[in-house]
Amino acid sequence: MTVLDTGDKRPGIGSDAVERAGGLPDPRAASLTRRTLPRSVPWAIAGGGVALTVVLKLVLDNWALAVFLAGVAFIVALSAVSWRYEDSRRARDRFATSLISTAFVLAVLPLISLLGYTIQRGWDKLTPYFLTHSMRGVGARDDTGGVYHAIVGTLEQVGLATLIAVPIGLLTAIYLVEYGRGRLAKTVTFFVDVMTGLPSIVAGLFIYAFWIMMLGFEASGFAGSLALMILMLPTVVRSAEEMLKLVPNELREASLALGIPKWRTVLKVVLPTAFGGIVTGVMLSIARVIGETAPLLLLVGLTQSINTDPFSGWQSALPLYVFDQNHAGNQFAEERAWAAALTLILIVMILNLAARLIARWKAPKGSR
């Protein structure tokens, strides 16, 4: 009577792995028993890096150098433990991963430090009174006054700049992606690249020479908006262009195959698909210009009163308010400057949150 062997001979199953011809073990079986660091080990080494940072800060009295040295120690320690316990391939992978993670932390720490310090210095002064009153009739050494007139000026100036820059930039990006061919498209791309690195003071000087000196208009919030518009344009064009390039060509081809004109394809298919990225690019351009001071000093002027008409008379803005209060040279003005800086950060955060919500609301259903 023949006895059938029903044992499972698959590699790694049972007490013994099936050997290949020649008596060598199956590498697939060996891979199942390869040692891997527990998940708690990298976190434990990271905790040691934090402790080392504190010790180095006490010894060196320099936070930046302490964080840098602790980051290097974390990378070396994790790579060495992985090399000893695992293998060379995983050690190289952990080295690259820890290097990227450490670089990310080192890049984020200054931002967190700046935000925390601004909140610490400006939070106490950021009251409803401060947000709803201007500096009209307030002396340099008075512990009163607010930032309402500067908030109005900033919102109007940046809003006008956005209304001008976004249509022009979006149409330029559509031309470059959908229609632009040949020498003209290359020329437009070249000038957009040049404008990307344009100093803000140069934009202010150009508007001052053209709008005020040549055409004879007075300094106003609208003049500042024109300078901010110049600074916004390259960011809007570049971000919209990249987002339009990410739209799959299959969507365009399917629309054109149904006999839909190209302009309608761009309007109904391409733009809705790239809408979220375009809104994000617009918000990046707003964040780029909302804190500009140099062109506003030339074109807007500085007033302590509320001016809701951006086309007539001097008008304040948050960057100008911070600049003016910082140069007042007393304790109360310095507190107002930090509170205004915190107000500017909060406005940018609120605008970014609103843009995210709008982009999510208007995004195609498949990408939500």
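Relevant structure appears above.
Okay, so let's go over this structure. Along each chain, the written sequence defines residue order, and numbers are assigned to residues from 1. Predicted model: local features are reported for residues with pLDDT of at least 70 only, side-chain atom pairs are reported and counted for 80 or more only, and whole-chain, interface and lining totals are derived from all residues. To obtain the side-chain values, all non-hydrogen atoms of the structure were included, while hydrogens and water were left out.

On to the overall build of the protein. Helical segments are the DSSP runs of H or I of at least four residues, strand segments are the runs of E of at least two, and each set is numbered from the N terminus. Along the backbone of the protein there are 15 helices and zero strands. Per-residue burial for the protein yields a buried fraction of 36% across its 368 residues. We call two residues in contact when some of their heavy atoms are within 4.5 Å. The long-range fraction of contacts in the protein, counting pairs at least 24 apart against all pairs at least 6 apart in sequence, stands at 69%. In this description, accessible areas are obtained by the Shrake-Rupley approach with a 1.4 Å probe, and a residue is regarded as covered only by the protein chains that are shown. With an accessible surface of roughly 22,100 Å², the protein has 67% of that area assigned to carbon and sulfur atoms. For the exposure calls, accessible area comes from a 1.4 Å probe over protein chains only, and a residue counts as buried if that area is under 20% of its type's maximum, exposed if over 50%, partly exposed in between.

Take the packing of aromatic side chains next. Within 6.5 Å between ring centres, the rings of Phe, Tyr and Trp (the latter by its six-membered ring) count as paired, and their orientation is classed by plane angle as stacked under 30 degrees, edge-to-face over 60, tilted in between. On inspection of all chains with the given rule, the structure shows seven aromatic pairs. On the basis of an interplanar angle of 80° and a centroid distance of 5.3 Å, the ring pair of Y117 and W338 is categorised as edge-to-face. Here Y117, found in helix α4 (residues 88–122), pairs with W338, found in helix α15 (residues 331–362); they are 221 residues apart in sequence, far enough to count as distant. Since its relative accessible area comes to 39%, Y117 is described here as partly exposed. Centre to centre, the rings of F190 and F191 are 5.5 Å apart; their planes meet at 75°, and the pair counts as edge-to-face. Here F191 falls in the partly exposed class, since its relative accessible area comes to 48%. Counting every residue linked through ring pairs, the aromatic cluster contains W211, F217, F222 and F311. Over the ring of Y179 we find K262, and its NZ or CZ is 4.9 Å from the ring centre. Placement of a charge over a ring requires the Lys NZ or Arg CZ to be within 6 Å of the ring centre, with the centre-to-atom vector within 35 degrees of the ring normal.

A few words now on the layout of surface pockets. In this structure, the largest pocket occupies an estimated 530 Å³ of space. For cavity detection a 1 Å grid was placed over the protein atoms alone, and a set of points counts as a cavity when a 1.4 Å probe fits there but cannot get out; an open set counts as a pocket when protein lies on both sides within 12 Å along at least five of seven lines, with lining residues being those that have an atom within 4 Å of a point. Forming the boundary of the largest pocket are 20 residues, of which A46, F74, S101, T102 and V105 lie nearest the centre. Those elements that place two or more of their residues in the lining of the largest pocket are α2 (40–60), α3 (63–85) and α4. Three classes are used: nonpolar for Ala, Val, Leu, Ile, Met, Phe, Trp, Tyr, Cys and Pro, charged for Asp, Glu, Lys and Arg, and polar for all others, with Gly counted as polar. Among the residues forming the lining of the largest pocket, the class breakdown is 11 nonpolar, seven polar and two charged. Grid points are joined across faces, edges and corners, and a volume is the space filled by probe spheres set on the points.

Here D61, not a glycine, exhibits a phi torsion of approximately 55°, which is positive. The residue D61 is located in the loop between α2 and α3 in this model.

Turning to the pattern of salt bridges, a few remarks are in order. For side chains bearing opposite charge, pairing can occur when the charged atoms are close. By definition here, a salt bridge exists when the distance from a side-chain nitrogen of Lys or Arg to a carboxyl oxygen of Asp or Glu is within 4 Å. Taken as a whole and assessed by the stated rule, the structure comprises nine salt bridges. Salt-bridge contacts for E86 lead to R94; the nearest nitrogen and oxygen are separated by 3.0 Å. Exposure class is identical for E86 and R94. Each is buried. Linking E241 and K245 is a salt bridge whose minimum nitrogen-to-oxygen distance equals 3.5 Å. Of the two residues, E241 and K245 are both situated in helix α9 (residues 221–245); the distance of four residues between them amounts to about one turn of the helix. Linked through salt bridges whose partners overlap, the residues forming this network are D193, R238, E241 and K245.

The residue T53 is located in helix α2 in this model. Residue T53 is classed as buried on the basis of its relative accessible area of 12%. Those residues in contact with T53, other than ones at most four positions away along the chain, are W63, A66, V67 and A70.

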